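Secondary and tertiary structure notes
The lines below spell out each chain.
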Amino acid sequence: MCGIVGFVNTTQTIDEKTTVINNMMETIVHRGPNSSGHFVDEQVALGFRRLSIIDLEGGSQPLYNEDKTKVIIFNGEIYNFQNLRNELIEKGHIFTTKTDTEVILHGYEEFGKDILHRLRGMFAFAIWDTVTGELFGARDHFGIKPYYYTEMNGTFMFGSEIKSLMAHPDFKKELNKEALKPYMTFQYSALSETFFKNVYRIPEGHYYTYHNGQLKIERYWDPEFREEDMTLEQAVDEIETAVKESVEVHAISDVKVGSFLSSGVDSSYVTATLRPDYTFSIGFGDKSYNESHEAKRLTDKLGLKNYSKLVTGEEAFQYFPLIQYHLDEPDSNPSCVPLYFLSEMASEKVTVVLSGEGADELFAGYQNYGFNSGSKMVRVVAEGLKKLPKKARYNIARTIDKMPTFKGSLHLYTSLAPAEEFFIGQAEVFKEAEADNYLKSDYQKSQTVKDIVMDVYKRVPHLPEVKKMQYLDVHQWMPKDILLKADKLSMAHSLEIRVPLLDIKMMELAERIPTKHLINAENTKYAFRKAANRHLPDEWADREKLGFPVPIKDWLREERFYLHIRQLFLEDFVNEFFEQDKIVALLDGNFRGENDDRRKIWTIYTFLVWYKIYFIDEEKPQAIPVA
């Protein structure tokens, strides 16, 4: 696990490029504290920061092919590299290291862009061809590893983190005004263009070429969800086999490996399968928010060692600016806070951790996929109605939507309606019209929420509704929120997170499982839970998903934290974006208990903290106690 950065520029001298690439690398030293390396010629500069995981002695980058006509920098892990290495050796390629990096390079020599169809893992890499002057790069199937790019003032720049691009003298820092309004709804940067004007992400499952000043980006992979004839027992058996195999390959390492452990089924299943020497949990000192108690109970049953930490509100606010700094863009997902401290704690013991991300998206674990009722009777009725023809289902849903609310109406509606009409992902903080009420007019212009999600939905109109929702989450929620925060906040502490439940082999299985085994009247993620139940006590396998429960409600009604946020809301720069009297009234009403708008307040607060770091203070923040 490492960090990469580079640029193509034909006007700077080699000495100038060398100085700049070293400055760019220095901004991401946290991603690779063990060593660094760079390659510079008349056209390109490539930089690399290394966190040593595989081939500790011989894995420094950049790496070259046999005749040094191609050079690679790579961030990630390839889990099937040994088999690929053997195949390439048989084809005559000569290896000088035991790394997975060299497998990508020789694989590209042998197969061209088709090497991407052979890679199993997480990756963001760039290969420079010194003969043709072409840059080739790619991002993994799911977007586990971040990858940004921009073209400014005649320079094409790319890297693992946006902050590294800012160190280039040709970088022009400007706020993307259109990013704020969608963020108010989604809680994360939802557009293809980031919060920095003209800075974009290489999309998940895509590769690019840059040659003679021309950038071309192409898709090489996309999920192919379908309904395959399969019994429940077959689905459970295949899931169990796949999880066991994936955990095994994701645990291959030359350094210590541990696992994150919450009270939920996903990380518990991974932990029970891995049985590591180290498990790590986080809590907030209050029983209602303290998952570490449940994690300790499970590790006691499994005979494993658990390390836990209690995070105070004081610590959360003290380190929150640093958390937003590492994220590059504002993300108001409350779980960013515990994940930062969990990663910090784990990094003191291990270099690699396994985590449970991905199971909810692949195996339908979210309640808003159609499990919104506490009443089993309502769920059974909904399952029966799902068997009606599509037109009839849609008509019933639209009728329910127009009726006064009744017990179970939400569940019936979301079970029967077209996904495109109600589902935008796993967060909806502000409605669009509501966001306009708080935003200044210059920040009310953007892509609509519907346009954003329809860009994804339009590719899969034929899928069952649950699988449409899964598909949307795979392309929005996962790469732009869940995976981004996992990468950035773990790498802030030089810790590598691996996600065995989000793996191309796991996806090939998940694509085939019929919807009735994913979610039904009994539970979400039904077949997956049945597989987990073979390794976990019943209360873990059947437990409702909590994520990282964070006590924001309590914090915002504690006077010192309320006053801390209020002071920020009243700063002069805030008037550029928000109607200050309205956001202060929102905060005051929440403090007095007149409303419960914690998520809205936290989303505004997050953006303002982030903006202050990158556009006012313009430096890495220090952890300062709240007054």
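Residues numbered from 1 in each chain as written. Predicted model: local features only at pLDDT ≥ 70, side-chain atom pairs only at ≥ 80, totals over all residues. Heavy atoms only, no water.

Quick word on the overall build of the chain
Convention followed: Under the DSSP-based scheme used, a helix requires at least four consecutive residues in state H or I and a strand at least two consecutive residues in state E, with every element numbered from the N terminus. We take the radius of gyration over the C-alpha atoms and set the globule estimate at 2.2 Å times the residue count to the 0.38 power. Exposure categories follow from relative accessible area, calculated using a 1.4 Å probe and restricted to protein chains: below 20% of the type maximum is buried, above 50% is exposed, and the middle band is partly exposed. Working rule for contacts: check all heavy atoms of both residues, and any pair within 4.5 Å makes them a contact. We score Asp and Glu as negative and Lys and Arg as positive, and we do not count His or the chain ends. A single reference atom marks each charge: NZ on Lys, CZ on Arg, CG on Asp, CD on Glu.
Summing up its helical and strand segments, the chain has 26 helices and 17 strands in all. Against the 2.2 N^0.38 benchmark of 25 Å for 627 residues, the chain shows a C-alpha radius of gyration of 24 Å, consistent with a compact globule. Judged by the C-alpha coordinates and their principal axes, the chain covers about 70 × 60 × 50 Å. A burial count over the chain gives 63% of its 627 residues as buried. In the chain, once contacts between residues fewer than 6 apart in sequence are set aside, the share between residues at least 24 apart is 72%. In the chain, 76 side chains carry a positive charge and 95 a negative one; their mean positions are 5 Å apart.

Focus on unusual backbone geometry
The phi angle of most residues is negative, glycine excepted, and most peptide bonds adopt the trans form. One non-glycine residue with positive phi stands out, namely Asn153, at about 50°. Unusually for a residue other than glycine, Lys525 sits at a positive phi of about 45°. Tracing the sequence through the fold places Lys525 in the loop between helix 20 (515–518) and helix 21 (526–533).

Side note on the UniProt feature "binding site: ATP" (unreviewed entry) in the chain
As a reminder of what qualifies: UniProt positions are given in the numbering used here, feature names are shortened, and annotations may be inferred rather than shown by experiment.
Here, the residues flagged by UniProt with the feature "binding site: ATP" (unreviewed entry) are Ile282, Ser355 and Gly356. Among the secondary structure elements, Ile282 is positioned in strand 14 (residues 279–283). The class of Ile282 is buried, set by a relative accessible area of 5%. Here Ser355 shows up in the loop between strand 16 (352–354) and helix 11 (359–363). Once residues lying within four places of it in the same chain are set aside, the contact partners of Ser355 are Phe260, Val270, Ile497, Arg498, Val499 and Pro500.

Here's the deal with the pattern of salt bridges
We count it as follows: Throughout this description, the term salt bridge denotes a Lys or Arg side-chain nitrogen within 4 Å of a carboxyl oxygen of Asp or Glu.
By the definition in use, this model includes 48 salt bridges. Here Glu315 makes a salt bridge to Lys309, at a shortest N to O gap of 3.2 Å. The exposure class of Glu315 is buried, given its relative accessible area of 19%. Between Asp597 and Lys600 there is a salt bridge, with its nearest N and O atoms 3.6 Å apart. There is no split in this pair, since Asp597 and Lys600 are both buried.

Here's the deal with the domain arrangement of the chain
Rules: Domain ranges listed in this record stem from an automatic or a database domain assignment. Whenever two N or O atoms come within 3.5 Å, that pair is a polar contact, provided that in protein one can donate a hydrogen and the other can accept it, and provided that, for residues adjacent in sequence, both atoms are side-chain atoms. By the convention adopted, Pro, Cys, Tyr, Trp, Phe, Met, Ile, Leu, Val and Ala count as nonpolar, Lys, Arg, Asp and Glu as charged, and the other residues, Gly among them, as polar.
Taken domain by domain, the chain comprises domain 1 (2–219), domain 2 (232–363 + 481–542), domain 3 (373–425 + 443–466) and domain 4 (552–616). Each of domain 2 and domain 3 has a C-alpha centre, and the two are 29 Å apart. Listed as interface residues are 5 residues of domain 2 and, on the opposing side, 6 residues of domain 3. The interface formed by domain 2 and domain 3 includes 1 salt bridge. Notably, a salt bridge pairs Lys376 with Glu522, separated by 2.6 Å at the nearest N-O pair. In this assembly, domain 2 and domain 3 are joined by 2 residue pairs in polar contact (both at pLDDT 80 or more). Looking at the side of domain 2 that touches domain 3 residue by residue, the classes come out as 2 nonpolar, 2 polar and 1 charged.

Focus on the environment of Glu245
Of note, Glu245 is situated in helix 6 (residues 232–250). C-alpha separation for the pair Glu245 and Lys505, spaced 260 residues apart in sequence, amounts to 9.4 Å.

A short note on helix 6
Rules: In this scheme, a helix's expected span is set at 1.5 Å multiplied by one less than its residue total. This arc corresponds to the set of directions leading from the helix axis out to the C-beta atoms.
Helix length check: helix 6 (19 residues) gives 27 Å between terminal C-alpha atoms against 27 Å at 1.5 Å per residue, within 8%. Among the residues of helix 6, Ala235, Val236, Ile239, Ala242, Val243, Ser246, Val247, Val249 and His250 are the ones counted as buried. The arc enclosing the buried residues of helix 6, seen along the axis, measures out at 165°, which places them on a common side.

Considering the packing of aromatic side chains
Cut-off, in case you're wondering: When the centres of two rings from Phe, Tyr and Trp lie within 6.5 Å, Trp using its six-membered ring, the rings pair. Their planes under 30 degrees apart give stacked, over 60 give edge-to-face, and anything left gives tilted.
Counted under the stated rule, the structure contains 57 aromatic pairs. A ring pair is formed by Tyr149 and Tyr200, whose centres lie 5.8 Å apart and whose planes are at 25°; its orientation type is stacked. Separated by 51 residues along the polypeptide, Tyr149 in strand 8 (residues 148–152) and Tyr200 in strand 10 (residues 200–201) bring together distant segments of the chain. Overall, Tyr149 belongs to the buried group, its relative accessible area being 12%.

Brief notes about the sheet that holds strand 3 (residues 44–50)
Threshold: Only when DSSP finds a minimum of two bridges between them are two strands counted as paired. Between N-to-C directions, angles cover 0 to 180 degrees, with each direction set by a line fitted to C-alpha atoms, over the stretch in contact for helices.
Across the sheet, which stays open at both edges, the 6 strands sit in the order 2-3-1-9-8-10 with antiparallel pairing between neighbours. One side of each edge strand has no neighbouring strand; the edge strands of this open sheet are strand 2 (35–40) and strand 10. Where strand 2 meets strand 3, 6 bridges bridge the pair, whose relative direction is antiparallel. Paired with Val40 across the bridge in strand 3 is Ala45. Here helix 1 (residues 14–26) sits on the sheet in contact with strand 1 (2–8), strand 2 and strand 3, set at roughly 150° to strand 2.

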